[in-house]
Structures are given as structure tokens and as C-alpha cells.
Amino acid sequence: MKPKKVDAIIQSVSPKVNQKRRHEMFNLLAELFPICRSLTGEGARKTLEILSREIPLQMHFFPTGMRCFDWEIPEEWNITSAFIKDQSGNTIVDFADNNLHVVNYSEPISGWFSLDELKPHIFTLPERPQSIPYVTSYYHRQWGFCMAHRDFLALRDEKYYVKIDSSLSPGNLIIADAVLPGMVEKEILLSCYFCHPSMANDSLSGVVLVAHLYQELARQERYYGYRFLFVPETIGAIVYLSQHKDSIRRHLHAGFVVTCVGDPGPFNYKQSRHGHHAVDRATENVLKFGGFPYRIRPFWPGGSDERQYCSPGFNLPVGSLMRSIYGEHPEYHTSDDNLNFVTEEALGESLEVYLLVLNALQGNGLYRNTNPYCEPQMSKRGLYPKWGTQKARDEEIQRRMWILNYSDGEHALIDIAEKMNVSIFSLIDTARELQETGLLKRIG
Ligand code: ZN
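Quick notes on the rules
- Residues numbered from 1 in each chain as written.
- Predicted model: local features only at pLDDT ≥ 70, side-chain atom pairs only at ≥ 80, totals over all residues.
- Heavy atoms only, no water.
- Helix = DSSP H or I, 4+ residues; strand = E, 2+ residues; numbered from the N terminus.
- Contact = heavy atoms within 4.5 Å.
- Areas by Shrake-Rupley, 256 points an atom, 1.4 Å probe, with all protein chains shown as cover.
- Lys, Arg positive; Asp, Glu negative; His and termini not counted.
- Charge placed at Lys NZ, Arg CZ, Asp CG, Glu CD.
- Buried < 20%, exposed > 50% of the residue type's maximum accessible area, 1.4 Å probe, protein only.
- Pairing = 2+ DSSP bridges.
- Axes fitted to C-alpha atoms, helices over the stretch in contact; angles between N-to-C directions.
- 1 Å grid on protein atoms, 1.4 Å probe; cavity = no way out; pocket = protein on both sides within 12 Å on 5 of 7 lines; lining within 4 Å.
- Points joined across faces, edges and corners; volume = space filled by probe spheres on them.
- Nonpolar A, V, L, I, M, F, W, Y, C, P; charged D, E, K, R; others polar.
- Phe/Tyr/Trp six-rings, centres within 6.5 Å; stacked < 30°, edge-to-face > 60°.
- Lys NZ or Arg CZ within 6 Å of the ring centre and 35° of its normal.
- Disulfide = S-S within 2.5 Å.
- Expected span 1.5 Å × (residues − 1).
- Arc of directions from axis to C-beta.
- Donors = N, O, S within 2.8 Å, 3.2 Å for Na, K, Ca; no water.
- Parallel < 35°, antiparallel > 145°, perpendicular 65-115°, else oblique.
- Left-handed = near helix turned anticlockwise from the far one by under 90°.
- Salt bridge = Lys/Arg side-chain N within 4 Å of Asp/Glu carboxyl O.

**Student:** Teacher, can you tell me more about the overall build of the protein chain here?
**Tutor:** A tally of helices and strands in the protein chain yields 14 helices and 19 strands. Reported as C-alpha extents along the three principal axes, the dimensions of the protein chain are approximately 95 × 45 × 35 Å. The contacts of the protein chain with a sequence gap of at least 6 include a subset with a gap of at least 24, amounting to 81%. With an accessible surface of roughly 19,100 Å², the protein chain has 49% of that area assigned to carbon and sulfur atoms. Averaging the positions of the 47 positive and the 53 negative side-chain charges in the protein chain gives two centres separated by 7 Å.

Written out as C-alpha cells, the structure reads:
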């Protein structure tokens, strides 16, 4: 979607994601799409192996049965095949056609079942009769199939042969991360979840975006470090938080749960539980002055892993910048969240917007005016602009005066940008110049 009204300064700093990178993002997503993933198992391993080509991931293994807060790591789930056949031997449903056909974490089963016995094990979407729903049962042992409601209505035989060749056994849950250090110890967290099977926008678009963010951010100068985190949703974030309880509270400057960024819908920013943290305000500042169609959504305790990061014991400043929000669009958790639902253009634009937001956060310095007693004399430091139109010179002087006045160690650049109603990017270079003259000192 094209921006409507773009602030000139944002246009000048906006990273341009070229066609090659857009292709690469889409191709990576298409390569990962067919894999049957889950919280654990071979699909998770294979996914992280492929991602390791893009980003130097460290793998961390946590065994079945390990306790983390109120949770326990489940058994590892693997599956090789699953099908339903009718009395004539025709295959009605086959896992090989679409991995959504099996309830994720189904226990193994085989045998003949009457249609009435089978029905409670079949999940469909009557309101979307052509689509296969995505259903999981991680913590309650059962088996089941998912199919198009249209096909379900056509079941006529008295009995059916069912087989799910799966296993549930002690194993490991894997979390992967990578770090890019900054100048200070504080980090920005980019968290995504890789546990969904063939789902393009929910889950995979975030995984691909985070991998490509790593590649872009590795080339940039960084005030804050970055932590790139790949987890199975919910349990993975809980395990991570239980392992890094104190350090994450000490080191986290801001964070995002990255998901639902591949469809061409307008942007939706789900605020952190704080609602007014720098992460929330910098994101809104970029969306507003970047001219992108967007909506700001106050935090609610549903959704993805922000539920864990923003649980009251942690209350971390973690938001989620998405396009079409999970749970709100009809393709959500169905076979229609597929490679036709995501586009190269949307993935590329989401990468650009994330880079803008992250650069805004990196540039959102907290400064102290080293000369706070009356105004410093600008002319003797060469701070009166000599070039440009009168208007441009006046604006530059205004920016310097606002920054010098409010840099009292309590107002960061985002506070000043909001007071002036300007893009934070219009202040970042000015603050840097003032720092070079010794009039400002960055303290946060
Ligand atoms: Zn989901």
C-alpha cells in the first residue's frame, strides 16, 4: 500500500528495500511454507536449520518435562503420515496434501471408525466451507483431522479407516537466538514464533522479516544492541523468560513481536502494556509522519507472545507492529493463509517500516544540555545556518532551540518531537550536530 502523505525528512531517511531482497524474502517464506512445524519435532529443527543460512543462530535445547513458571515442556511430537479412507479404499483426507489436515500434536491412532464415532474428531469451518482450519491440541491428548466443511458434508459411508502415524516422546524444545551488539548494554528485542505449520502470514512472515532485519541491521551503526529471538509461540516465550528473568528486565530497552507482516493490509500497531513507552511513541511517530495508513491498538491480554512479555510480572515495553491482525481477518488460522495471501511488496514495505521504526528508536536519544544557564550563544559556535531558504534556516534554529531547552535529562527526542508535532527524524541529525559542538551529551 502506497503512503498517502510522506514527510520529506522521512522520505530522505527511508531505507529502500530493493526488488532482490523482496524476492529473497518471499522465496525464503515459500521454502519454509510446506514444512509441518509444531512446538517441537523435526519440522522445528528443519526450519531453524534453513534459517541458520540467513542468520547465525545459537540453538538452546530444553528437555520435555522441564518446568518453567506455571508450565511444563511437552513431549516432542513427530508425524510421518495420516489419512482417512472410505470403505472402497478412496483417500478422503491426506496429510501429504496439506499438513493442516491433522490436528497438530495428534496422538497416533489406526482403525475403523463409524461416521458417528469419527465426527467428534473432525474439525471444519461451516462459515468458510472451502477452507481447512488450523487446530492444535498441545496440552490435551487427542487425535483429530481438519477438513473443508464442503468435503465433510459429502461423507456418506458407514465407516472409515483412520491412521495417524505420529509419535509423542521425550525430546527437546528448541529456542534460537542471535545478537548484534550495540554501544550500550541495552537491547531491542525482535521476537518471532516458528511453530505454525503451513501458515504464511501468521508466524512465517514474521520469521522471514526478523531474519532479513538481522541482515540489514548487521550493516548499521547501533547505539542499542539487537536480540533476534525465534521461539515456538507461548511455551517458547515462557521458557525464554523463565531462563532470562533478571537479565531481560535489566537489558531490554524495547521490543516487538513480529508477525502478520506479509499481507497487503494497512498497518496495525498493538501497543505495549505501558501504552506510552518510547517503543509505542516512536512507532506511532513513524507511521504518522511516514504517511502510512495505520491504526493504533491499545494493549489487550490476548494475541501472541506479547502476552508473556507484557504479563504483569514482567511488564516489558514490547509492542507488535502488524498489518492484518491475527484473529481479525477471515484467512486467519485457515488454509487460506497461504502463499497467495502474502506478497513480495508487502513483505518489502514491512521491512522498510520496521527499519524506520528501529532507526527512530536508535536515534531517540536522551540528552543533557551542558550549558543550561540561559541560551548558549549560537553564533560563536557557528550554529546559525548560513544556507537554505529563510524558512529552512528558521526551522533549523527552532529545532536547535527546542532540543537545547528540553534536553534536561528528562525529555528524550521523542518527547520533543511530539511537543513540536514533527517527525523524530527531523531532530536526530540536529541533536547529533549539537553533540558535536559539546552543547549536548547523550545520556540514554
Ligand atoms: Zn497463530
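**Student:** Help me understand unusual backbone geometry, please; the structure alone is not making it clear to me.
**Tutor:** Negative phi characterises most residues that are not glycine, and trans characterises most peptide bonds. Residues other than glycine seldom take positive phi values, yet His333 does so here, at roughly 50°. Among the secondary structure elements, His333 is positioned in the loop between β16 (318-322) and α11 (344-363). Taking the relative accessible area as the measure of exposure, His333 reaches 21% and is therefore partly exposed.

**Student:** Would you take a moment to explain the sheet that holds strand β4 (residues 76-85) for this structure?
**Tutor:** Within the open sheet, the four strands sit side by side as β5-β4-β9-β6. Their pairing is antiparallel. Looking at the sheet topology across the chains shown, the edges are occupied by β5 (91-94) and β6 (109-114). Mean inter-strand twist for the sheet, computed between neighbouring axes without regard to direction, equals 20°. Relative to β5, β4 runs antiparallel, the two being bridged by three bridges.

**Student:** I keep staring at the layout of surface pockets and nothing clicks. Help me out?
**Tutor:** The volume enclosed by the largest pocket comes to roughly 530 Å³. At the level of elements, α11 and α14 (425-436) are the ones that each hand at least two residues to the lining of the largest pocket. Considering each element in turn, the lining of the largest pocket owes the most residues, five residues, to α14. Taken together, the residues of the lining of the largest pocket break down into seven nonpolar, five polar and five charged.

**Student:** I'm lost on the packing of aromatic side chains in this one. Help?
**Tutor:** The geometry of an aromatic ring pair is captured by the separation of the ring centres together with the interplanar angle, meaning the angle of the planes. Applying the stated rule across the entire model yields 16 aromatic pairs. Plain terms: the ring middles of Trp71 and Tyr139 are 5.4 Å apart, the flat faces sit at 80° to each other, and that makes the pair edge-to-face. Of the two residues, Trp71 sits in strand β3 (residues 71-72) while Tyr139 sits in the loop between β7 (122-123) and β8 (145-146), which places them 68 residues apart along the sequence. Residue classification places Tyr139 among the partly exposed positions, given a relative accessible area of 44%. Measuring from ring centre to ring centre gives 6.0 Å for Tyr226 and Phe228, while their planes differ by 40°; the resulting arrangement is tilted. Taking relative accessible area as the criterion, Tyr226 reaches 1% and is therefore assigned buried. Aromatic rings pair up to connect Trp71, Trp77, Tyr105, Tyr138 and Tyr139 into one cluster. The ring of Phe83 is capped by Lys85, whose NZ or CZ atom sits 5.0 Å from the centre of that ring. The side chain of Arg323 reaches across the aromatic face of Phe267, ending 4.2 Å from its centre.

**Student:** Got a minute to help me understand the state of the cysteines in this structure?
**Tutor:** In a disulfide, the sulfur atoms of two cysteines are held together by a covalent bond. Using the criterion set out here, one finds zero disulfides in the structure. The thiol of Cys195 is unpaired, and the distance to the nearest cysteine sulfur, on Cys192, comes to 10 Å. The class of Cys195 is buried, set by a relative accessible area of 1%. Not part of a disulfide, Cys310 finds its nearest cysteine sulfur in Cys260, a span of 16 Å.

**Student:** I tried to follow helix α2 (residues 19-32) on my own but got confused; where do I start?
**Tutor:** Each α-helix turn comprises 3.6 residues. Residues three or four places apart therefore point the same way. Taking 1.5 Å per residue, 14 residues should reach 20 Å; α2 reaches 20 Å between its end C-alpha atoms and fits that length. Listed as buried for α2 are Arg21, Arg22, Met25, Phe26, Leu28, Leu29 and Leu32. Burial along α2 is one-sided: seen end-on, the buried residues are contained in an arc of 155°. Buried residues along α2 sit against α3 (42-51), α6 (200-217) and α11.

**Student:** Mind showing me how you'd approach the coordination of the zinc ion here?
**Tutor:** Coordination angles at a metal have ideal targets, namely 109.5 degrees for four tetrahedral donors and 90 or 180 degrees for six octahedral donors. The protein atoms that coordinate the zinc ion are His196 (NE2), Asp202 (OD) and His333 (NE2), at distances of 2.0 to 2.1 Å. Going along the chain, you hit the donors of the zinc ion in the pattern H-x5-D-x130-H. Highlighted residues: His196 in the loop between β11 (187-193) and α6 and His333 in the loop between β16 and α11, separated in sequence by 137 residues.

**Student:** What should I look at first to understand the packing of α2 against α6 in this one?
**Tutor:** Any two packed helices are characterised by the angle at which their axes cross and by the distance between the axes. Running from N to C, α2 and α6 cross one another at 135°; their axes reach a closest spacing of 10 Å. One finds that α2 runs oblique with respect to α6. Pair α2 / α6 crosses with right-handed handedness. Mapping the contact onto sequence places Arg21, Glu24, Met25, Leu28, Leu29 and Leu32 in α2 and Ala200, Leu204, Ser205, Val207, Val208, Leu209, Ala211, His212, Gln215 and Glu216 in α6. Each residue belonging to the contact of α2 with α6 can be placed in one class, and the counts come to 10 nonpolar, three polar and three charged.

**Student:** What's the story with the pattern of salt bridges in this structure? I'm lost.
**Tutor:** If the charged atoms of two oppositely charged side chains come close together, the side chains can form a pair. This structure, assessed with the given rule, holds 26 salt bridges. The shortest N-O distance in the salt bridge between Arg22 and Glu352 comes to 3.0 Å. Of this pair, Arg22 sits in helix α2 while Glu352 sits in helix α11, placing them 330 residues apart in sequence. Where Glu54 meets Arg53, a salt bridge forms, and the shortest distance between an N and an O atom there is 3.7 Å. Arg53 sits in the exposed class, given a relative accessible area of 53%. One salt-bridge network, held together by shared partners, links Glu396, Arg399, Arg400 and Glu433.

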